[in-house]
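# Chains, contacts and geometry: an overview
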Amino acid sequence: MFDSGKIVTAGDAALFVAEAGKADGVPIILLHGGLGCRNDFLPLAKHLAAEFRLLAIDSRGHGRSPLGKGPLSYHRLEQDTAGVLAELGLANAGIIGHSDGGIVALRLAASGIVQPRFLVTVGAHWHLSADDPTRETYQGITVDEWRGMFAEQVEAYEAENTEPNFGRLFDATKSMWLGSDEHAYPGASVRSIKTPLLVVHGDEDFLVSRAQAFELAEQVEGARLLNLPFASHTLLEDSPEDVIPALRSFIASQSQPDQ
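How each quantity is defined
- Residues numbered from 1 in each chain as written.
- Predicted model: local features only at pLDDT ≥ 70, side-chain atom pairs only at ≥ 80, totals over all residues.
- Heavy atoms only, no water.
- Helix = DSSP H or I, 4+ residues; strand = E, 2+ residues; numbered from the N terminus.
- Buried < 20%, exposed > 50% of the residue type's maximum accessible area, 1.4 Å probe, protein only.
- Pairing = 2+ DSSP bridges.
- Right-handed = clockwise from strand over helix to strand, strands pointing away.
- Axes fitted to C-alpha atoms, helices over the stretch in contact; angles between N-to-C directions.
- Parallel < 35°, antiparallel > 145°, perpendicular 65-115°, else oblique.
- Contact = heavy atoms within 4.5 Å.
- Nonpolar A, V, L, I, M, F, W, Y, C, P; charged D, E, K, R; others polar.

## Let's talk about the environment of P229
Locating P229 in the fold gives a position in the loop between β8 (224-228) and α9 (235-238). Since its relative accessible area comes to 51%, P229 is described here as exposed. For the pair P229 and L31, spaced 198 residues apart in the sequence, the C-alpha separation amounts to 24 Å.

Right, dumping it as structure tokens:
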């Protein structure tokens, strides 16, 4: 479904964007998690393609997008995404972001750079305190361990990236995960989000706590929360059918401005 697409250049970013679904449907931008790619959304996209125009972006360094120079940060990915949406004329598209993609989406909505018609975050941190156990998890993981756990993911990256260097990408992504400055997690800035927000959380998510999801929904006025029992961090890949009813209801509840 997301095999073909095009490179969209914005500033120093050259991001691969694949499109599928209903050409005249409400546009939805799909932002994947760290060390993943656009294809992570395939299980969900199969449920949405008949109704919506889907645009899946490989973030900098991931999938078919080159890493380029300089460090990774959520701020940099935010700027990359905003530039691509401007180039495509889709600054008001809906956004579904998983994990790192959700963090980028929160930063985008909080910044006001774009005005998405709705925002769905799945397994996304809005802040990461110094004593959060997830920091210890990120600190301890090594590139060899990642290769062992996600061999198919790494092989797919090495097969399609134009400048494959998984070690460099891993180090850059890990540094981003551990960031704590203004270029890292959005933190209190989420309180400025006016975009309708649906926070999706898997109750068995080993990275993002239940408290994180509840707190995010409380920070953003009018936000909705979907907490799925027995679901993991990768719930969109594992059981997208459990999310679809609430997702459709949420999208339908939003106004539909001209595209």
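Moving on from the coordinates now.
## What about the pairing of strand β4 (residues 52-57)?
Two faces, one strand: in a regular strand the side chains alternate between the faces of the sheet. Of all six residues making up β4, five are buried, and the element is well covered by its neighbours. Relative to β4, strand β2 (residues 13-21) runs antiparallel, the two being bridged by five bridges. What sits directly across from E19, in β4, is L55. Taking the sense of rotation as the criterion, the β-α-β connection linking strand β3 (residues 26-31), helix α1 (residues 42-48) and β4 turns out right-handed.

## Some thoughts on the packing of helix α2 (residues 74-88) against helix α3 (residues 100-111)
Where α2 meets α3, the closest approach of the two axes is 9 Å, and the angle between their N-to-C directions is 70 degrees. Taken together, the axes of α2 and α3 are roughly perpendicular relative to one another. Every residue of α3 that contacts α2 at Y74, H75, L77, E78, T81 and A82 is listed here: D100, I103, V104, R107, L108 and S111. Each residue belonging to the contact of α2 with α3 can be placed in one class, and the counts come to six nonpolar, three polar and three charged.

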